[in-house]
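What follows is the residue order along each chain.
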Amino acid sequence: MRFHFVKIFLLVFGLLVVWSFAGEQMAELRRSQAAAVEAIRSTAVTVAPNSSPTEIAKASNQGVDLTRIPIGDGRISTAPQVGYVWSCRTRFRTSAGPYANSGAWVQADGTYNLRTKPTVKGSVTWPSQFEIALSDGVRSIIGNRLPKHPTGQFPIARNDPAYAFDTNPNSITSEDYQVDLPAMPEVADTAACVPMGRIGVLRTGGYIFNALDVWGKDAVAYEIQDSCQGHPERHGAYHYHNLTTCLEDKIEGSAQVTGHSALVGYAFDGFGIYGHRGEGGKVLTNADLDACHGHTHDITWDGKKVNLYHYHATWEYPYTIGCYRGTPVVRSNNPQGPPNRQGPPDFQGPPPPQMPPPGGGEGLFF
Ligand SMILES: [Zn+2]
Ligand SMILES: [Zn+2]
(Lines give C-alpha, C1' and ligand atoms only; values in the text may rest on other atoms or scores of the structure.)
(Ligands and ions follow the chains in the order given, each with its own letter.)
Protein backbone atom coordinates (compact mmCIF):
# COMPACT_ATOMS: atom_id res chain seq x y z
CA MET A 1 0.00 0.00 0.00
CA ARG A 2 2.73 2.40 1.11
CA PHE A 3 4.72 1.42 -1.95
CA HIS A 4 1.78 2.44 -4.17
CA PHE A 5 1.47 5.69 -2.27
CA VAL A 6 5.14 6.49 -2.95
CA LYS A 7 4.72 5.64 -6.62
CA ILE A 8 1.69 7.90 -6.95
CA PHE A 9 3.45 10.64 -5.04
CA LEU A 10 6.48 10.43 -7.35
CA LEU A 11 4.24 10.40 -10.41
CA VAL A 12 2.30 13.49 -9.29
CA PHE A 13 5.52 15.25 -8.30
CA GLY A 14 7.07 14.39 -11.68
CA LEU A 15 4.03 15.68 -13.53
CA LEU A 16 4.14 18.93 -11.56
CA VAL A 17 7.81 19.44 -12.45
CA VAL A 18 7.15 18.76 -16.14
CA TRP A 19 4.09 21.00 -16.08
CA SER A 20 5.89 23.94 -14.50
CA PHE A 21 8.84 23.50 -16.88
CA ALA A 22 6.48 23.47 -19.88
CA GLY A 23 4.76 26.54 -18.45
CA GLU A 24 8.12 28.33 -18.24
CA GLN A 25 8.91 27.34 -21.81
CA MET A 26 5.51 28.55 -23.02
CA ALA A 27 5.90 31.84 -21.18
CA GLU A 28 9.37 32.24 -22.72
CA LEU A 29 8.00 31.46 -26.18
CA ARG A 30 5.17 33.93 -25.68
CA ARG A 31 7.66 36.59 -24.54
CA SER A 32 9.88 36.08 -27.59
CA GLN A 33 6.85 36.10 -29.91
CA ALA A 34 5.58 39.28 -28.28
CA ALA A 35 9.01 40.86 -28.77
CA ALA A 36 9.00 39.86 -32.44
CA VAL A 37 5.50 41.26 -32.91
CA GLU A 38 6.57 44.46 -31.19
CA ALA A 39 9.65 44.75 -33.43
CA ILE A 40 7.50 44.45 -36.53
CA ARG A 41 4.85 46.84 -35.20
CA SER A 42 7.42 49.53 -34.58
CA THR A 43 8.35 49.56 -38.27
CA ALA A 44 4.77 49.29 -39.51
CA VAL A 45 3.59 51.74 -42.11
CA THR A 46 0.73 54.02 -41.20
CA VAL A 47 -2.82 53.15 -42.04
CA ALA A 48 -4.51 56.31 -43.21
CA PRO A 49 -7.97 56.92 -41.70
CA ASN A 50 -9.65 56.68 -45.05
CA SER A 51 -8.88 57.49 -48.61
CA SER A 52 -11.00 59.14 -51.25
CA PRO A 53 -10.87 59.68 -54.99
CA THR A 54 -9.17 62.98 -54.20
CA GLU A 55 -6.36 61.11 -52.49
CA ILE A 56 -5.98 58.93 -55.54
CA ALA A 57 -5.78 62.18 -57.50
CA LYS A 58 -3.01 63.41 -55.20
CA ALA A 59 -1.12 60.11 -55.31
CA SER A 60 2.49 60.23 -56.37
CA ASN A 61 2.46 58.82 -59.86
CA GLN A 62 5.48 60.36 -61.66
CA GLY A 63 4.27 60.33 -65.19
CA VAL A 64 2.12 57.20 -64.88
CA ASP A 65 -1.14 58.62 -66.25
CA LEU A 66 -3.87 57.57 -63.82
CA THR A 67 -6.52 58.87 -66.21
CA ARG A 68 -5.51 56.39 -68.93
CA ILE A 69 -4.55 53.07 -67.36
CA PRO A 70 -4.64 50.29 -69.98
CA ILE A 71 -7.39 47.74 -69.20
CA GLY A 72 -5.77 44.34 -68.64
CA ASP A 73 -8.52 42.22 -70.26
CA GLY A 74 -7.14 39.18 -72.06
CA ARG A 75 -3.72 39.36 -70.45
CA ILE A 76 -3.92 35.94 -68.81
CA SER A 77 -1.07 33.53 -69.42
CA THR A 78 -0.23 29.89 -68.76
CA ALA A 79 3.41 30.62 -67.97
CA PRO A 80 5.29 33.57 -66.44
CA GLN A 81 4.88 36.61 -68.71
CA VAL A 82 5.56 40.29 -68.00
CA GLY A 83 2.36 42.32 -67.72
CA TYR A 84 0.17 39.20 -67.43
CA VAL A 85 -1.48 37.17 -64.68
CA TRP A 86 -0.35 33.56 -64.79
CA SER A 87 -3.71 32.34 -63.57
CA CYS A 88 -4.30 28.88 -62.12
CA ARG A 89 -7.89 29.21 -63.24
CA THR A 90 -8.09 29.00 -66.99
CA ARG A 91 -11.84 28.95 -67.55
CA PHE A 92 -14.05 31.84 -66.52
CA ARG A 93 -17.69 32.79 -66.60
CA THR A 94 -18.82 33.89 -70.02
CA SER A 95 -22.23 35.39 -69.22
CA ALA A 96 -22.69 39.13 -68.78
CA GLY A 97 -21.68 40.42 -65.37
CA PRO A 98 -23.79 42.37 -62.91
CA TYR A 99 -21.51 45.32 -63.54
CA ALA A 100 -21.69 45.07 -67.30
CA ASN A 101 -22.83 48.70 -67.39
CA SER A 102 -19.57 50.55 -67.04
CA GLY A 103 -19.60 54.30 -66.86
CA ALA A 104 -17.53 56.99 -68.49
CA TRP A 105 -14.39 55.99 -66.59
CA VAL A 106 -14.06 53.02 -68.97
CA GLN A 107 -12.82 54.63 -72.16
CA ALA A 108 -13.20 53.60 -75.78
CA ASP A 109 -9.44 53.48 -76.33
CA GLY A 110 -9.07 50.49 -73.99
CA THR A 111 -8.06 52.50 -70.93
CA TYR A 112 -9.83 53.52 -67.73
CA ASN A 113 -9.69 56.63 -65.60
CA LEU A 114 -8.82 55.72 -62.00
CA ARG A 115 -9.29 59.32 -60.92
CA THR A 116 -12.95 59.47 -61.92
CA LYS A 117 -14.01 55.86 -61.27
CA PRO A 118 -16.84 55.88 -58.68
CA THR A 119 -16.35 54.45 -55.20
CA VAL A 120 -18.78 52.82 -52.78
CA LYS A 121 -19.98 55.33 -50.18
CA GLY A 122 -19.86 54.92 -46.41
CA SER A 123 -17.35 54.78 -43.57
CA VAL A 124 -17.78 51.63 -41.51
CA THR A 125 -15.18 50.79 -38.85
CA TRP A 126 -14.23 47.23 -37.87
CA PRO A 127 -12.62 45.45 -34.89
CA SER A 128 -9.60 44.43 -36.95
CA GLN A 129 -7.10 41.96 -35.55
CA PHE A 130 -3.83 41.57 -37.40
CA GLU A 131 -0.51 40.45 -35.96
CA ILE A 132 2.72 39.12 -37.35
CA ALA A 133 4.86 36.88 -35.16
CA LEU A 134 8.35 35.62 -36.00
CA SER A 135 9.53 32.39 -34.47
CA ASP A 136 11.98 29.69 -35.57
CA GLY A 137 12.13 30.81 -39.19
CA VAL A 138 8.36 31.05 -39.47
CA ARG A 139 6.36 34.23 -39.95
CA SER A 140 2.87 33.64 -38.61
CA ILE A 141 0.21 36.01 -39.82
CA ILE A 142 -2.72 35.93 -37.46
CA GLY A 143 -5.83 37.96 -38.12
CA ASN A 144 -9.56 38.12 -38.56
CA ARG A 145 -9.37 39.51 -42.14
CA LEU A 146 -11.05 42.79 -41.17
CA PRO A 147 -9.18 45.94 -42.27
CA LYS A 148 -7.82 48.54 -39.88
CA HIS A 149 -9.26 51.35 -41.98
CA PRO A 150 -12.95 52.20 -42.45
CA THR A 151 -14.66 50.58 -45.43
CA GLY A 152 -17.59 51.51 -47.61
CA GLN A 153 -21.13 50.30 -46.86
CA PHE A 154 -21.66 46.76 -48.19
CA PRO A 155 -23.87 45.33 -49.64
CA ILE A 156 -23.86 48.32 -51.97
CA ALA A 157 -27.01 50.29 -51.17
CA ARG A 158 -29.55 50.82 -53.91
CA ASN A 159 -29.38 54.55 -53.37
CA ASP A 160 -25.57 54.58 -53.71
CA PRO A 161 -24.71 55.92 -57.20
CA ALA A 162 -22.19 53.03 -57.42
CA TYR A 163 -25.14 50.58 -57.49
CA ALA A 164 -25.84 51.56 -61.09
CA PHE A 165 -22.50 49.95 -62.02
CA ASP A 166 -22.01 47.21 -59.44
CA THR A 167 -24.72 45.51 -57.33
CA ASN A 168 -22.30 43.66 -55.02
CA PRO A 169 -24.71 41.95 -52.57
CA ASN A 170 -22.02 40.68 -50.18
CA SER A 171 -21.44 41.80 -46.60
CA ILE A 172 -18.03 42.07 -44.92
CA THR A 173 -17.58 39.37 -42.28
CA SER A 174 -14.70 38.28 -40.06
CA GLU A 175 -12.99 34.94 -39.88
CA ASP A 176 -10.04 34.07 -37.68
CA TYR A 177 -7.11 32.67 -39.60
CA GLN A 178 -3.41 31.95 -39.34
CA VAL A 179 -1.03 31.63 -42.25
CA ASP A 180 2.52 30.42 -41.59
CA LEU A 181 5.07 31.69 -44.11
CA PRO A 182 8.80 31.08 -44.37
CA ALA A 183 10.44 34.07 -42.65
CA MET A 184 13.28 33.94 -45.20
CA PRO A 185 11.63 32.68 -48.41
CA GLU A 186 13.65 31.31 -51.31
CA VAL A 187 13.13 31.62 -55.05
CA ALA A 188 11.70 28.29 -56.24
CA ASP A 189 13.10 26.34 -59.20
CA THR A 190 9.94 27.12 -61.09
CA ALA A 191 7.42 29.90 -60.59
CA ALA A 192 3.79 29.05 -59.78
CA CYS A 193 0.45 30.32 -61.01
CA VAL A 194 -1.75 32.45 -58.76
CA PRO A 195 -5.18 31.10 -57.77
CA MET A 196 -8.43 33.00 -57.38
CA GLY A 197 -9.07 34.04 -53.80
CA ARG A 198 -6.42 35.21 -51.39
CA ILE A 199 -2.82 35.32 -52.64
CA GLY A 200 -1.42 37.64 -49.98
CA VAL A 201 -2.28 40.10 -47.27
CA LEU A 202 -1.68 43.81 -46.83
CA ARG A 203 -0.65 45.37 -43.55
CA THR A 204 -4.12 46.85 -43.28
CA GLY A 205 -5.33 43.30 -42.49
CA GLY A 206 -7.21 42.89 -45.80
CA TYR A 207 -6.41 40.14 -48.30
CA ILE A 208 -4.93 40.62 -51.76
CA PHE A 209 -6.60 38.78 -54.63
CA ASN A 210 -5.13 38.60 -58.11
CA ALA A 211 -6.11 41.14 -60.78
CA LEU A 212 -8.98 39.06 -62.19
CA ASP A 213 -12.70 38.93 -61.53
CA VAL A 214 -14.81 35.78 -62.13
CA TRP A 215 -15.12 36.72 -65.80
CA GLY A 216 -11.34 36.78 -66.10
CA LYS A 217 -11.46 40.56 -66.60
CA ASP A 218 -9.48 43.37 -65.04
CA ALA A 219 -11.11 43.66 -61.59
CA VAL A 220 -9.60 47.08 -60.87
CA ALA A 221 -10.95 48.53 -64.10
CA TYR A 222 -14.56 47.35 -63.68
CA GLU A 223 -15.41 46.36 -60.11
CA ILE A 224 -16.57 49.21 -57.93
CA GLN A 225 -14.57 49.24 -54.71
CA ASP A 226 -14.78 51.52 -51.72
CA SER A 227 -12.44 54.48 -51.35
CA CYS A 228 -9.73 52.16 -49.93
CA GLN A 229 -10.01 50.02 -53.13
CA GLY A 230 -11.48 47.04 -51.30
CA HIS A 231 -14.73 45.08 -51.34
CA PRO A 232 -16.11 41.76 -50.00
CA GLU A 233 -16.45 38.55 -52.01
CA ARG A 234 -19.19 35.98 -51.54
CA HIS A 235 -17.83 34.60 -48.26
CA GLY A 236 -17.50 38.10 -46.84
CA ALA A 237 -13.71 38.34 -47.19
CA TYR A 238 -12.68 41.97 -47.66
CA HIS A 239 -9.93 42.18 -50.29
CA TYR A 240 -8.08 44.38 -52.75
CA HIS A 241 -6.98 43.71 -56.33
CA ASN A 242 -4.40 46.51 -56.22
CA LEU A 243 -2.50 48.42 -53.55
CA THR A 244 -4.87 50.37 -51.33
CA THR A 245 -4.21 54.10 -51.01
CA CYS A 246 -5.25 53.76 -47.34
CA LEU A 247 -1.80 52.43 -46.51
CA GLU A 248 0.80 55.13 -46.76
CA ASP A 249 3.37 54.20 -49.35
CA LYS A 250 6.52 55.69 -47.94
CA ILE A 251 9.86 54.59 -46.66
CA GLU A 252 9.72 53.24 -43.12
CA GLY A 253 10.39 55.75 -40.40
CA SER A 254 10.47 58.67 -42.80
CA ALA A 255 8.00 61.43 -43.50
CA GLN A 256 9.50 61.84 -46.95
CA VAL A 257 8.04 60.13 -49.95
CA THR A 258 11.30 59.68 -51.76
CA GLY A 259 13.27 56.43 -51.53
CA HIS A 260 12.18 52.82 -52.04
CA SER A 261 8.61 52.15 -50.91
CA ALA A 262 7.80 50.58 -47.58
CA LEU A 263 6.81 46.96 -47.09
CA VAL A 264 3.05 46.98 -47.57
CA GLY A 265 2.26 43.27 -47.26
CA TYR A 266 3.23 39.64 -47.77
CA ALA A 267 2.53 37.29 -50.64
CA PHE A 268 1.58 33.77 -49.59
CA ASP A 269 4.95 32.44 -50.72
CA GLY A 270 6.55 34.52 -47.95
CA PHE A 271 8.07 37.27 -50.11
CA GLY A 272 7.33 40.88 -49.26
CA ILE A 273 5.19 43.21 -51.31
CA TYR A 274 6.37 46.81 -51.51
CA GLY A 275 4.66 49.95 -52.74
CA HIS A 276 4.92 51.64 -56.11
CA ARG A 277 8.46 52.97 -55.82
CA GLY A 278 11.72 51.16 -56.45
CA GLU A 279 15.28 52.25 -55.71
CA GLY A 280 15.78 55.98 -55.90
CA GLY A 281 12.04 56.52 -55.49
CA LYS A 282 11.24 55.70 -59.11
CA VAL A 283 7.57 54.81 -59.66
CA LEU A 284 7.80 51.36 -61.20
CA THR A 285 6.03 49.93 -64.22
CA ASN A 286 5.90 46.35 -65.50
CA ALA A 287 8.98 47.09 -67.60
CA ASP A 288 11.02 47.41 -64.38
CA LEU A 289 9.86 44.07 -62.97
CA ASP A 290 10.08 40.39 -63.88
CA ALA A 291 7.18 38.21 -65.04
CA CYS A 292 6.03 37.57 -61.46
CA HIS A 293 6.04 41.35 -60.78
CA GLY A 294 9.15 41.52 -58.62
CA HIS A 295 12.89 41.97 -58.59
CA THR A 296 15.92 41.45 -56.34
CA HIS A 297 18.06 44.07 -54.63
CA ASP A 298 19.08 45.03 -51.09
CA ILE A 299 16.07 45.66 -48.87
CA THR A 300 15.46 45.97 -45.16
CA TRP A 301 13.92 42.70 -44.04
CA ASP A 302 13.00 42.14 -40.39
CA GLY A 303 15.40 44.91 -39.44
CA LYS A 304 18.37 43.60 -41.47
CA LYS A 305 19.76 44.60 -44.87
CA VAL A 306 19.48 41.61 -47.17
CA ASN A 307 19.63 40.96 -50.89
CA LEU A 308 16.20 39.46 -51.40
CA TYR A 309 13.53 38.98 -54.04
CA HIS A 310 10.33 41.00 -53.47
CA TYR A 311 7.21 42.07 -55.32
CA HIS A 312 6.11 45.60 -56.08
CA ALA A 313 2.68 47.11 -56.58
CA THR A 314 2.21 49.05 -59.81
CA TRP A 315 -0.55 51.36 -60.98
CA GLU A 316 -0.89 49.19 -64.07
CA TYR A 317 -2.26 45.66 -64.45
CA PRO A 318 -1.49 43.10 -62.94
CA TYR A 319 -1.11 45.54 -59.99
CA THR A 320 0.38 43.16 -57.37
CA ILE A 321 1.60 39.63 -58.26
CA GLY A 322 1.73 38.06 -61.71
CA CYS A 323 2.86 34.66 -60.42
CA TYR A 324 4.56 33.25 -57.33
CA ARG A 325 8.36 33.38 -57.46
CA GLY A 326 8.58 31.25 -54.31
CA THR A 327 6.58 28.28 -53.10
CA PRO A 328 3.04 29.24 -52.09
CA VAL A 329 1.85 27.85 -48.78
CA VAL A 330 -1.78 28.73 -49.47
CA ARG A 331 -3.31 27.38 -52.63
CA SER A 332 -6.86 27.31 -51.45
CA ASN A 333 -9.33 28.81 -53.85
CA ASN A 334 -11.63 29.39 -50.95
CA PRO A 335 -10.87 31.99 -48.30
CA GLN A 336 -13.23 30.06 -45.99
CA GLY A 337 -10.98 27.04 -46.26
CA PRO A 338 -9.16 25.74 -43.22
CA PRO A 339 -6.34 28.15 -42.38
CA ASN A 340 -2.76 27.16 -42.86
CA ARG A 341 -3.51 24.05 -44.88
CA GLN A 342 -2.88 23.37 -48.50
CA GLY A 343 -6.14 23.30 -50.36
CA PRO A 344 -6.48 21.29 -53.54
CA PRO A 345 -4.35 22.83 -56.28
CA ASP A 346 -6.51 24.73 -58.67
CA PHE A 347 -4.33 24.43 -61.73
CA GLN A 348 -7.09 23.05 -63.93
CA GLY A 349 -10.05 23.47 -61.64
CA PRO A 350 -13.59 22.85 -62.79
CA PRO A 351 -15.36 25.73 -64.50
CA PRO A 352 -17.21 28.02 -62.11
CA PRO A 353 -20.85 27.13 -61.54
CA GLN A 354 -23.47 28.62 -63.83
CA MET A 355 -24.75 32.09 -63.10
CA PRO A 356 -27.96 32.16 -61.09
CA PRO A 357 -30.90 33.89 -62.79
CA PRO A 358 -30.69 37.67 -63.13
CA GLY A 359 -31.39 39.41 -59.86
CA GLY A 360 -29.70 36.76 -57.70
CA GLY A 361 -26.23 38.11 -57.22
CA GLU A 362 -24.89 35.80 -54.54
CA GLY A 363 -21.57 34.20 -55.20
CA LEU A 364 -20.73 36.26 -58.23
CA PHE A 365 -17.99 38.43 -56.93
CA PHE A 366 -14.32 37.85 -56.56
ZN1 LIG B 1 12.39 46.91 -54.97
ZN1 LIG C 1 -12.73 41.47 -55.80
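Higher on the page you've got the structure.
Residues numbered from 1 in each chain as written. Chains lettered and ligands numbered in written order. Predicted model: local features only at pLDDT ≥ 70, side-chain atom pairs only at ≥ 80, totals over all residues.

Some points on the pairing of strand β8 (residues 198–202)
To keep things clear, this is the line we draw: Between the buried cut of 20 or more and the exposed cut of 12 or fewer other C-beta atoms within 10 Å of a residue's own C-beta lies the partly exposed class, and all C-beta atoms are placed from the backbone. Strands here mean DSSP runs of E at least two residues long; helices mean DSSP runs of H or I at least four residues long; both are numbered from the N terminus. Strand pairing is assigned whenever DSSP detects at least two bridges linking the two strands.
The buried count for β8 comes to five of five residues, which makes it a mostly enclosed element. Relative to strand β9 (residues 207–209), β8 runs antiparallel, the two sharing three bridges. Its bridge partner being in β9, R198 is matched across the sheet by F209. A loop of four residues connects β8 with β9, the two strands running antiparallel in sequence, and G205 in this loop sits at a positive phi of about 100 degrees.

Things to note about the sheet that holds strand β14 (residues 294–301)
As a reminder of what qualifies: Axis geometry follows a simple rule: fit a line to the C-alpha atoms, using only the stretch in contact for helices, then measure angles between N-to-C directions, giving values from 0 to 180 degrees.
Pairing within the open sheet is mixed, and its eight strands lie in the order β10-β11-β9-β8-β12-β13-β15-β14. Two strands in the sheet have a free side with no partner beyond their single neighbour: β10 (230–232) and β14. Neighbour to neighbour, the strand axes of the sheet diverge by 45 degrees on average, direction disregarded. As judged from the eight bridges shared by β14 and strand β15 (residues 304–312), these two strands associate in the antiparallel manner. By the bridge assignment, G294 is partnered in β15 with Y311.

Section: the nonpolar core
The test is simple: Nonpolar cores are built from buried Ala, Val, Leu, Ile, Met, Phe, Trp, Tyr and Cys residues. These are joined into a set through C-beta atoms within 7 Å. Distance between backbone-placed C-beta atoms decides contact: two residues are in contact if it is within 7 Å.
Counting residues in each nonpolar core, the largest one holds 64 residues, and the members touching the most others are V194, V264, A267, I321, C323 and Y324. In this structure, I321 is in contact with V194, I199, G200, N210, A267, C292, H293 and Y311, ignoring residues within four places of it in sequence.

Observations regarding the pairing of strand β7 (residues 177–182)
Of the two faces of β7, the one holding Y177, V179 and L181 is buried and the one holding Q178, D180 and P182 is not buried anywhere. Note: strand β6 (residues 138–143) against β7, six bridges, orientation antiparallel. Directly across from R139, in β7, lies its bridge partner L181.

Here's the deal with the sheet that holds strand β5 (residues 130–135)
Strand order in the open sheet formed by three strands is β5-β6-β7, and the pairing between neighbours is antiparallel. The strands lining the two open edges of the sheet, one partner per strand, are β5 and β7. Pairwise comparison of adjacent strand axes, ignoring direction, gives a mean angle of 20 degrees for this sheet.

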